[in-house]
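Descriptive structure summary
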Amino acid sequence: MSETNVQVTSVRKRFGSVQALGGVSFEAETGITGLLGPNGAGKTTLLRMMATVMSPDSGSLRLLGHDPTDPLARTAIRRSLGYMPQEPGFHRSFSAFAFIDYVAILKEMTDRRARHAEVIRVLDLVGLGDQARKRIRALSGGMRRRLALAQTLLGDPELLVLDEPTAGLDPEQRLRFRELISDIAVRQTVILSTHQTEDVATLCNRVIVMDEGIILFEGTPSELAEIARGRVWAAHERDARATLSWRTGDGMHRHIGVAPPGAHLIDPTIEDAYLLLVGHRVVAENVA
Amino acid sequence: MIIVLAALLGVALIVVLREGSPRGKTADSVTPERTLEHARGSVVRALAIAEGKLLARNPLVIAGVALSGTALFAVGQGSRLFLDDMGVALMLFPMAGMTLIASNLAVLRGRRDGLEEQFGSCPVGPTARTIAHSLALAGPVLYACIVAAAWTITARALGSIGRPHVVELLTGPILVACAGLVGILLARLLPRSAASLFMVIAIGFLEGALSAERGHLKPLAPFMPTLYQPVEVETRPRGWHIVYLLGIAGALAFGAIARHRRGPRIWSALGLAATLAISAAFAQYRAQTPARDARAAAWIATPEAFQSCRHHGLVTYCAYDEYAELIDRWRAPVDGVLALVPAAARARPLLLRQRLPAEAISGMERLEIRAALPFPVPSAGPFAWSDDGAIHPDMTLCNHSREPRCQIVLAESAAAWAVGLPISRTHPADPAAGDLPTEKERIAALGLMDSSGQARAVVALWLTLQSTPGIRGAPPDTRARQANRGTTYTLTPCQEGPPVAWSFKDTGYARRLSERPAAEVSARLASMWTIVTDPRTTTRQLAQIFDLQVPTLAMGAPPPAFNDC
């Protein structure tokens, strides 16, 4: 049975004159919730709040049934939390095993034997079991990314907060990641932010599209795709009135927005819907 | 009392540890209270072990151990362990400095590696991490204890005397702990790696300023970079000093914890530690009383009241209690001289009484002690003890590299006593003596007796050469140095030796004599002892008796590097 593990209510946050979050509200249950949005949309700020390392200016959060503003409750949340920041850090002189072991202590795993068994388990889960004794400085970027994921999985946390976990992973690693996360999400709540609509389409049971600190869409991936139904066209020629258009591999032009002359409707994807929602920003960024 | 105070600080730390534990204040707490309390203690322990291993293997700490160990063992030979134990803390300063930097870098490791956010989302917060970093200092402290203990054992094996005071020895390891805690506090207040290096330099300056202080603030210096003069009578109150350091350590530890967790218990613990440090500092300040100065003055002026004596035949050896082990080392050269002297000549009592050297009194730092002495000490210039007819060994340990010199001085004194030459200076050397034009004037200004041309001087020198096993066993060049002092006159360079100027010619005759079989010379000297020790008997007459040739220049040539004192 699904339960509401994350409740975000009217959360606002400003950094100086920049509004990072402008009254965000949503709920997340067991399963995977994907946060989609362009750079600066407020995804990372929201995830940091869910990781209890940042507090909102106003509004409230309730994580795993606790209020993170209460110090004792915050500790209780952290006991059941796994967090992978956008740019995870490492003690590069440590071995992979030693680093995860150190983080395991910070996660209150005090029994040495049990802790070591857990460290080996999570390293195996992310495919780094054979690299455990290697110094982190000797690992590739993708391996480090998996190592960062491994530390979030310590202790089988109820809530996983992952900020762009698939960035830097090759296709095979990305598939392994999807496999792993989809297994975990059967019993846990996973919040992940990504630029990859493909990840959302294949993994998430819910998706939230954000831009400029507000939520533009909340629903299932198929509901997101439905937004674009009737607004995605295939044509032989490019039409300047389209919100976005690009030439596909078969030589046709894919248009999002108004119908160009001679075009025919095609089935939308969630990427089409996402681009439709934040298209003006994407266009602006492309122009810039 | 120290144990009680240390226990108080420990209890305060435990209270602080427990403070972080939830006590079921929230209804929605998912974990039972007791489990959380258990978790916190064991987490700190696990983290402390992990950090302790890292710190113990840290290259900086290892380098500090090597530096301190080298420094300690370089000065470990010939130590008066009951005094030089104060120097252990000084020698551990490199290790303390390295520990400060290493612990600072350890606390900042997460920040340096961009892990603050990841660690921030973990249930173990900065308070527990700070406590773990503090406990991890056990490794460097243990190293410091091992270095101090190894120094004690090695120094003892190398001929040092006495026993170090455990409390004084602990000062070094506690300083290492304090340094580590400074590094942790600094990281919490100013999270910049370079700050620790500047802090080490600043502490060095502070130490220098406090220890250079000639007044009451001097004992507040964490360690003694230079020993007091005279160190025997003016040590700091070591018990209060260690309480002072423990208080500082506690204040640093609770200060670092207070950076992230404030509350009445933390403030109470911090206040307790600070009060302890301030009280102990005040106690050290107050310990320097006129009564203490008077006692120190009495220790100097009336050594008989503080010494133990041992009798060997008619010879009485008296040493301050702490130096009693030296009596056995004094006996060899004295017995050697007396064995070569006819029984009639040694049938009178001889007293060797240890005394603080005159230069230690004239150079005394604490003027209050000088003022309390029952005899006048010039406010400027040298001082000399009055002649009391006894030989006065000083605090030299007479071991290893100092053994030949020490034996020469004692044998010289005993030989001078045997032949009737003076054995004590009666007035101080004039510092301007070196500027006088003639050697005769210089000798007189230095307060020495000119023994030139007297047969008894040759006899005394021969007795010295024959009766110092250290000299006989020493390399030939050392023996030559003793026999060939000076050009025309060999001026006794050491204050504690007999105040006699041995002439070049007389030392040459003594060497000629020493080329003869000792038993033969001894027998002939004994048969005409009264004649050869008569001040009127000349060197020339002695040479005729023994048929000695005039010594060559080479026999009297002074070694270029002769400077035993």
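To keep things clear, this report deals only with the structure shown in the data block. (Residues numbered from 1 in each chain as written. Chains lettered and ligands numbered in written order. Predicted model: local features only at pLDDT ≥ 70, side-chain atom pairs only at ≥ 80, totals over all residues. Heavy atoms only, no water.)

1. Here's the deal with the overall build of chain B
Within chain B, the secondary structure is distributed over 28 helices and six strands. For chain B, the residues scored as buried account for 54% of the 565 residues in total. Taking as baseline every contact in chain B between residues at least 6 positions apart, the subset at least 24 positions apart corresponds to 77%. Summed over its atoms, the accessible surface of chain B is roughly 23700 Å², and 62% of this surface lies on carbon and sulfur atoms. (Helix = DSSP H or I, 4+ residues; strand = E, 2+ residues; numbered from the N terminus. Buried < 20%, exposed > 50% of the residue type's maximum accessible area, 1.4 Å probe, protein only. Contact = heavy atoms within 4.5 Å. Areas by Shrake-Rupley, 256 points an atom, 1.4 Å probe, with all protein chains shown as cover.)

2. Details of the overall build of chain A
Looking only at helices and strands, one finds nine helices and 13 strands in chain A. For 288 residues, the compact-globule estimate of 2.2 N^0.38 gives 19 Å, and chain A sits close to it at 21 Å. Judged by the C-alpha coordinates and their principal axes, chain A covers about 70 × 45 × 40 Å. Buried positions account for 55% of the 288 residues belonging to chain A. Look at the contacts in chain A between residues 6 or more apart in sequence, and 65% of them connect residues 24 or more apart. A total accessible area of about 12500 Å² is found for chain A, and carbon and sulfur atoms account for 48% of it. Each charge class in chain A was averaged separately, 34 positive and 35 negative side chains, and the resulting centres sit 7 Å apart. (Rg over C-alpha atoms; globule rule 2.2 N^0.38 Å. Lys, Arg positive; Asp, Glu negative; His and termini not counted. Charge placed at Lys NZ, Arg CZ, Asp CG, Glu CD.)

3. Quick notes on the sheet that holds strand β3 (residues 350-353) of chain B
Residue and element names in this part refer to chain B. As summarised here, the arrangement of the three strands in space is β1-β2-β3, forming an open sheet in which the pairing is mixed. Bordering the open sheet on either side are β1 (307-312) and β3, each of which pairs with just one other strand. The average angle at which neighbouring strand axes cross in this sheet is 15°, direction not considered. The sheet strands contacting helix α15 (residues 326-340) are β1, β2 (315-320) and β3, and the helix crosses β2 at an angle near 155°. (Pairing = 2+ DSSP bridges. Axes fitted to C-alpha atoms, helices over the stretch in contact; angles between N-to-C directions.)

4. A look at the interface of chain A and chain B
Counting residues at the interface gives 33 residues for chain A and 29 residues for chain B. Both sides together, the interface formed by chain A and chain B hides about 2700 Å², and carbon and sulfur atoms give 64% of it. For chain A, the biggest contributors to the area lost against chain B are Leu72, Tyr102 and Leu106 of chain A; these three give 24% of the whole. Across the contact surface, chain A and chain B share one salt bridge. Summed over the shared surface of chain A and chain B, the number is eight residue pairs in polar contact (both at pLDDT 80 or more). (Buried area = accessible area lost by both parts, 1.4 Å probe. Salt bridge = Lys/Arg side-chain N within 4 Å of Asp/Glu carboxyl O. Polar contact = N/O pair within 3.5 Å; in protein donor to acceptor, adjacent residues only side chain to side chain.)

5. Some thoughts on the state of the cysteines
Residues and elements named next belong to chain B. This structure, assessed with the given rule, holds one disulfide over all chains. Covalently, Cys309 is tied to Cys318 through a disulfide, its sulfur atoms 2.0 Å apart. Disulfide Cys309 to Cys318: torsion about the S-S bond roughly 110°, handedness right-handed. Among the residues examined, Cys318 registers a relative accessible area of 1% and is labelled buried. Between Cys145, a free cysteine, and Cys178, which holds the nearest cysteine sulfur, the sulfur-to-sulfur gap is 13 Å. (Disulfide = S-S within 2.5 Å.)

6. Examining a nonpolar patch on the surface
Residues and elements named next belong to chain B. On the surface, a cluster of nonpolar side chains totalling about 470 Å² of accessible area is made up of Leu197, Phe198, Ile201 and Phe205. Secondary-structure assignment places Phe205 in helix α11 (residues 193-212). Given the relative accessible area of 63%, Phe205 is considered exposed. (Patch = residues over 30% accessible without salt bridge, like charges linked within 9 Å, V, L, I, M, F, W, Y side chains within 5 Å.)

7. As for the sheet that holds strand β4 (residues 58-63) of chain A
Residues and elements named next belong to chain A. Strand order in the open sheet made by the three strands is β2-β1-β4, with antiparallel pairing throughout. The open sheet has two free edges, formed respectively by β2 (18-29) and β4, since each of these has just one partner strand. Neighbour-to-neighbour, the strand axes of the sheet open up by a mean angle of 15°, direction not taken into account. In this sheet, β4 lies alongside strand β1 (residues 4-15) in antiparallel orientation, the contact comprising five bridges. Opposite Val8, over in β4, you have Leu61 as the bridge partner. Packed onto the sheet, helix α1 (residues 43-50) meets β1, β2 and β4 and runs at close to 55° relative to β2.

8. Section: the packing of aromatic side chains
Tallying each qualifying case throughout the model produces six aromatic pairs over all chains. Considering the side-chain rings of Tyr102 of chain A and Phe119 of chain B, the 5.8 Å spacing of their centres and the 45° angle between planes classify their relative orientation as tilted. One end of the pair, Tyr102 of chain A, is in helix α3 (residues 96-106); the other, Phe119 of chain B, is in helix α7 (residues 116-120), on a second chain. Residue Tyr102 of chain A is classed as buried on the basis of its relative accessible area of 6%. Relative to Trp385 of chain B, the ring of Phe375 of chain B lies with its centre 5.4 Å away and its plane at 65°, an arrangement referred to as edge-to-face. Note that Phe375 of chain B is positioned in the loop between α18 (367-372) and α19 (403-419) and Trp385 of chain B in the loop between α18 and α19, a separation of 10 residues in sequence. Put simply, the rings of Phe94 and Tyr102 of chain A together with Phe119 of chain B touch in pairs and so form one group of aromatic residues. Across the ring face of Trp417 of chain B, the terminal group of Arg348 of chain B is positioned such that the distance to the ring centre comes to 4.0 Å. Positioned above the aromatic ring of Phe546 of chain B is the side chain of Arg524 of chain B, whose terminal nitrogen or guanidinium carbon lies 4.9 Å from the ring centre. (Phe/Tyr/Trp six-rings, centres within 6.5 Å; stacked < 30°, edge-to-face > 60°. Lys NZ or Arg CZ within 6 Å of the ring centre and 35° of its normal.)

9. Remarks on the pairing of strand β5 (residues 81-84) of chain A
Residue and element names in this part refer to chain A. Of the two faces of β5, the one lined by Leu81 and Tyr83 and the one lined by Gly82 and Met84 are each fully buried. Sheet topology note: the β5/strand β6 (residues 159-163) ladder contains four bridges and is parallel. Looking at β6, one finds that Gly82 is bridged to Leu160.

10. Observations regarding the environment of Arg192 of chain B
Residue and element names in this part refer to chain B. Counting through the fold element by element, Arg192 comes out in the loop between α10 (166-189) and α11. Along the primary structure Arg192 and Leu373 are separated by 181 residues, whereas in three dimensions their C-alpha atoms are 54 Å apart. Apart from residues lying up to four places away in sequence, Arg192 is in contact with Asn104, Leu108 and Arg111.

11. What to know about a positive patch on the surface
On the surface, Arg112, Arg113, Arg135 and Arg137 of chain A together with Lys53 and Arg57 of chain B cluster together into a patch of positive charge. With relative accessibility at 59%, the residue Arg57 of chain B sits in the exposed group.

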